[in-house]
Amino acid sequence: MEPQQTERLAADEAGIARAAALLRAGALVAFPTETVYGLGADARSGPAVAGIFEAKGRPQFNPLIVHVPDLAAAERIGVFGPEARALADAFWPGPVTLVVPLRPEAGLSALVTAGLGTVGLRVPQGQVAQDLLRAFRGAVAAPSANPSGRVSPTMAEHVREGLDGRIAAIVDGGPCAVGLESTIVGVAPAPVLLRPGGVAEGRIARVLGAPLAHDPGDGPGVTAPGQLASHYAPAKPLRLNAAAPAPDEAWLGFGPSLSLSPSPGDGHGGLNLSETGDLREAAANLFAHLRTLDRRPARAIAVAPVPDVGLGVAINDRLRRAAAP
Ligand code: TXA
Ligand code: MG
């Protein structure tokens, strides 16, 4: 990725307006929430969201939390049953993330949800986060604003140390009040604690009137969040590092090669992750293309080799998981 000059923005009207404009332009902006600093991108833009994984150097695509200013905005993206609504009423704005069924028409990049049918939504309490979300007037995907494998930042200075030159801007809103990530609760089909965090489990159980199930194999509390058991996987077999598709395979290309010589797999409506071999574009297209090809009549999906550098590492990780029986 190209090094860039990271702007340091004050959390005043001008700084917030600049940050919102950068988000609208598809750039990455770090901003404070009451929990930790988040690395934000327009949740509807695949390339912007891919940029998050690139900037963090994250070798896996795990689903990201989507930040909105209020419950009304959240309900345009996810479906809220009685339990989710009760939790939202009790804890929003605040450090609780609710994983609810996704409305496909919400238009989020499939990379935000890692291709899943659910979405993690959060209404932050921090004033700067609220101001930014309202100025941007859209949903912001944001993991913690640290390089992969490092601790979450609770001050603008921490963000600068980790991501300077890799992101467009940092909004400096001082230290985060909570200093610990949000508690993540999955609500469908039954409430389950996916990650302990800023709101104690007991308070959540009291609102629900029942203890929460735990899901140790499926939450980010376990070592590798990318190994979420609920990760989307295509139903069709995948054949990786293929030179060309067999007649009964649909083709998932990367780079220009096959578009020059149409092949049998293209007859199954082949797709290309990126004609120009751009890894950010490929990451942005990955889940949506897998889903589309999965619906085609072909027996299997053949996938062109993707270089194992930069975002290609996460792309290949995801492809290997999707190919595993
Ligand atoms: O406090 C926080 O929550 C911070 C600040 C910036 O808001 N954000 C944060 O985001 O920690 P992030 O992207 O690092 O959290 C992602 C975790 C994933 O590892 C995953 O476990 C869970 O949220 N998650 C998100 N969407 C999910 C989904 N659809 N299904 C299951 N888990 C999901
Ligand atoms: Mg994190």
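Below you will find a few notes about this structure. (Residues numbered from 1 in each chain as written. Chains lettered and ligands numbered in written order. Predicted model: local features only at pLDDT ≥ 70, side-chain atom pairs only at ≥ 80, totals over all residues. Heavy atoms only, no water.)

Structural notes on the packing of helix H9 (residues 279–294) against helix H10 (residues 311–323)
Phase 1 of the analysis: One way to put it is that H9 packs onto H10 with a least axis distance of 9 Å and a crossing angle of 25°. In terms of orientation, H9 and H10 fall into the roughly parallel class. As H9 runs across H10, the sense of the crossing is left-handed. Where H9 abuts H10, its residues Leu279, Arg280, Ala282, Ala283, Leu286 and Phe287 lie against Leu311, Gly312, Ile315, Arg318 and Leu319.
Phase 2 of the analysis: Class assignment of the residues belonging to the contact of H9 with H10 gives a composition of 8 nonpolar, 1 polar and 2 charged. (Axes fitted to C-alpha atoms, helices over the stretch in contact; angles between N-to-C directions. Helix = DSSP H or I, 4+ residues; strand = E, 2+ residues; numbered from the N terminus. Parallel < 35°, antiparallel > 145°, perpendicular 65-115°, else oblique. Left-handed = near helix turned anticlockwise from the far one by under 90°. Contact = heavy atoms within 4.5 Å. Nonpolar A, V, L, I, M, F, W, Y, C, P; charged D, E, K, R; others polar.)

Here we look at the environment of Gly149
Phase 1 of the analysis: Residue position: Gly149 is located in the loop between strand S7 (140–141) and helix H6 (156–163).
Phase 2 of the analysis: Taking the relative accessible area as the measure of exposure, Gly149 reaches 80% and is therefore exposed.
Phase 3 of the analysis: With 26 residues separating them along the chain, Gly149 and Val123 place their C-alpha atoms 25 Å apart. (Buried < 20%, exposed > 50% of the residue type's maximum accessible area, 1.4 Å probe, protein only.)

Focus on the site of ligand 1
Phase 1 of the analysis: Ligand 1 sits among 24 residues. The nearest are Thr35, His67, Thr118, Arg122 and Ser182.
Phase 2 of the analysis: A distance of 3.1 Å is found between an oxygen atom of ligand 1 and a side-chain nitrogen or oxygen belonging to Asn62.
Phase 3 of the analysis: Its free accessible area being 680 Å², ligand 1 has 97% of it covered by the protein chains.
Phase 4 of the analysis: Contributions of two or more residues to the shell around ligand 1 are made by strand S4 (65–67), strand S6 (118–122) and strand S10 (192–195).
Phase 5 of the analysis: With 4 residues, S6 is the largest single contributor of residues to the shell around ligand 1.
Phase 6 of the analysis: Of the residues contributing to the shell around ligand 1, the split by class is 13 nonpolar, 8 polar and 3 charged. (Near = heavy atom within 4 Å. Polar contact = N/O pair within 3.5 Å; in protein donor to acceptor, adjacent residues only side chain to side chain. Areas by Shrake-Rupley, 256 points an atom, 1.4 Å probe, with all protein chains shown as cover.)

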